[in-house]
Amino acid sequence: MRITAILLGATLVAAGPTHRPADAVSAAHPVTRPLAAPVALGMLRQTGLAITVPGTRSYGAAPVGSTIGGTLGPVSVSDFRGSLNPNAWVVTVTSTAYTTGAAGPSQTIANSRVSYWSGSATSSTGGGTLVPGQPTAAQAVVLSAPRVAFSKTSGSGNNRVTWNPTLSIMVPTGVTGGTYTGRITHSVA
């Protein structure tokens with residue numbers, strides 16, 4: 001059996017206000033339709049923490065029993081908290097299951113089949129120690145539970161880091177053909 005189309009990716013959805021000093025900020029990527037360009041969060045007032053995520057991402061079609069995926073697109077964290085001490089933050093990433101139709105057992109790809117690795121920073125500014133959650137593909141993690149995607153462990157001052165994570169989805173045997181959608185959520189606190 002061959003799955004005719006599997007669309008997996010990200011459309012920007014913000015949870016709560018875009019800036020909340022000393023609070024968590026979350027940006028989610030539901031998989032629905034393409035956007036013309038990523039939408040930046042946190043540009044209204046530059047204080048606290050802000051996170052930006054890419055728009056929808058499609059990974060195309062794949063036969064059952066195979067693995068599909070690719071890069072998700074740039075994820076960025078901006079820390080405008082100045083000289084607060086300590087000035088650390090952690091980004092966590094989660095995934096929903098990917099479903100089609102009525103989301104029955106043969107229409108679901110569980111989040112335990114979704115792997116993620118952050119890779120190293122593609123760009124960064126400001127001070128501090130920036131640590132990727134999974135620097136290499138060999139360190140990819142399954143998104144059946146919240147995982148650390150990136151963190152700032154020390155330093156003060158304003159900073160920004162961007163990375164382009166990779167998503168990998170193992171398509172199980174026994175699923176029906178269709179367009180599968182899900183959501184990847186990055187949160188920073």
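Further up the page is the structure itself.
On a predicted model such as this, the values are computed, not experimentally measured, just so you know.

Remarks on the overall build of the protein
Moving on, step 1. A count of helices and strands for the protein gives zero helices and 16 strands.
Moving on, step 2. The long-range share in the protein, meaning contacts at least 24 apart out of those at least 6 apart in sequence, stands at 75%.

Description of the sheet that holds strand β15 (residues 166-170)
Backbone-to-backbone hydrogen bonds join strands into a sheet, with any given pair of strands oriented parallel or antiparallel.
Moving on, step 1. Strands sit in the order β4-β15-β9-β12 across an open sheet of four strands; the sheet is antiparallel. With one partner strand each, in any of the chains shown, β4 (67-71) and β12 (141-142) form the two edges of the open sheet.
Moving on, step 2. Alignment of strand β9 (residues 114-117) against β12, held across two bridges, turns out to be antiparallel. Counted as the bridge partner of S115 is V142 from β12.

So, the nonpolar core
Moving on, step 1. Core analysis: the biggest nonpolar cluster contains 29 residues, and V77, W89, V91, L143, W163, L167 and I184 have the highest contact counts within it.
Moving on, step 2. Per-element accounting of this core gives the leading share, three residues, to strand β6 (residues 89-95).
Moving on, step 3. When sequence neighbours within four positions are dropped, the list of residues in contact with W89 reads L49, V77, D79, R81, L130, F150, S151, K152, N159, V161, V188 and A189.

Remarks on the pairing of strand β3 (residues 49-52)
Moving on, step 1. Alternating positions in β3 separate into two faces, L49 and I51 on one and A50 and T52 on the other, with burial throughout.
Moving on, step 2. Two elements, β3 and strand β5 (residues 75-79), share four bridges in a ladder whose sense is antiparallel. By the bridge assignment for β5, I51 is matched with V77.

What about the sheet that holds strand β10 (residues 121-126)?
Moving on, step 1. Read from one edge to the other, the open sheet built from four strands follows the order β3-β5-β14-β10, with strand pairing classed as antiparallel. Where the open sheet ends on each side, the last strands, each with one partner, are β3 and β10. On average, each strand axis in the sheet is inclined to that of its neighbour by 10 degrees, with strand direction left out of account.
Moving on, step 2. Of the strand pairs in this sheet, β5 and strand β14 (residues 159-163) are connected by five bridges, and their pairing is antiparallel.

Conventions we followed
- Residues numbered from 1 in each chain as written.
- Predicted model: local features only at pLDDT ≥ 70, side-chain atom pairs only at ≥ 80, totals over all residues.
- Heavy atoms only, no water.
- Helix = DSSP H or I, 4+ residues; strand = E, 2+ residues; numbered from the N terminus.
- Contact = heavy atoms within 4.5 Å.
- Pairing = 2+ DSSP bridges.
- Core = buried A, V, L, I, M, F, W, Y, C linked by side-chain atoms within 4.5 Å.
- Buried < 20%, exposed > 50% of the residue type's maximum accessible area, 1.4 Å probe, protein only.
- Axes fitted to C-alpha atoms, helices over the stretch in contact; angles between N-to-C directions.

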